[in-house]
Structure formats: structure tokens, C-alpha cells
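Chain by chain, the residues:
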Amino acid sequence: GESVAVKVQFPGAKRRMLNDLMNLQILAHYLQRFELKFDLVNPLKELKKQVELEFDFRREADAMARVGTHLKDARGGGPVEGVEVPR
């Protein structure tokens, strides 16, 4: 057998995460308007973008393939000790 890494996406996880972030944005807008004098909204917008990227597994697989290619090229085609890139 060959060792493999598996990343599992649970059904509805992305939707739940984005709903939670939307609720946090609503709270942030309220707090910023009435209580706090610093920006909470923009960091939450950026977090939402990053969460959406984290749920794009095809994009992540493409990025891992590019990393593997660059590591292989950097080492003249040989493996980098201590680093394993998923296929």
C-alpha cells in the first residue's frame, strides 16, 4: 500500500461557514456603528474570501501540483528531504 493524504469536505460545511461569517459581519457593522471605533468589517470580508478559497479543492490540488513541480525543478529533479507533495 501507498500512503495517501485525504481531505474530506463535509456536506454543507461551506454554506454553514459562510452563514456564520455573514452573521459576524452583521454584528461587526452594528458594533462599528455604535460601540467600536476600529474596523471589523474589512477583516471579515477578507476572511470570507479566504474561506471560499479553502473550499476550492480543485484550486488547492492545482497549487500543490505547481509546488511539486517547483520543488522538483529546484532540486534538479530529485526529492526534497522531509517534504512530500501529494499527487
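Parameters at a glance
- Residues numbered from 1 in each chain as written.
- Predicted model: local features only at pLDDT ≥ 70, side-chain atom pairs only at ≥ 80, totals over all residues.
- Heavy atoms only, no water.
- Axes fitted to C-alpha atoms, helices over the stretch in contact; angles between N-to-C directions.
- Helix = DSSP H or I, 4+ residues; strand = E, 2+ residues; numbered from the N terminus.
- Parallel < 35°, antiparallel > 145°, perpendicular 65-115°, else oblique.
- Contact = heavy atoms within 4.5 Å.
- Nonpolar A, V, L, I, M, F, W, Y, C, P; charged D, E, K, R; others polar.
- Expected span 1.5 Å × (residues − 1).
- Buried < 20%, exposed > 50% of the residue type's maximum accessible area, 1.4 Å probe, protein only.
- Arc of directions from axis to C-beta.

Undergrad: Please provide a residue-by-residue account of the packing of helix H1 (residues 13-34) against helix H2 (residues 41-54), values included.
TA: Direction vectors running N to C along H1 and H2 enclose 175°, while the axes themselves pass 9 Å from each other. It follows that H1 is roughly antiparallel to H2 by the angle criterion. Only Val41, Leu44, Lys45, Leu47, Lys48, Val51 and Glu52 of H2 make contact with H1, whose side of the interface consists of Lys14, Met17, Leu18, Leu21, Leu24, Gln25, Ala28, His29 and Gln32. Class assignment of the residues belonging to the contact of H1 with H2 gives a composition of nine nonpolar, three polar and four charged.

Undergrad: Could you give an account of H2, naming the residues involved and the relevant values?
TA: With 14 residues, H2 extends 20 Å from end C-alpha to end C-alpha; this agrees with the ideal 20 Å at 1.5 Å per step. Regarding H2, the residues found buried are Val41, Leu44 and Val51. Mapping the buried residues of H2 onto a view down its axis gives an arc of 75°, with all of them on the same face.

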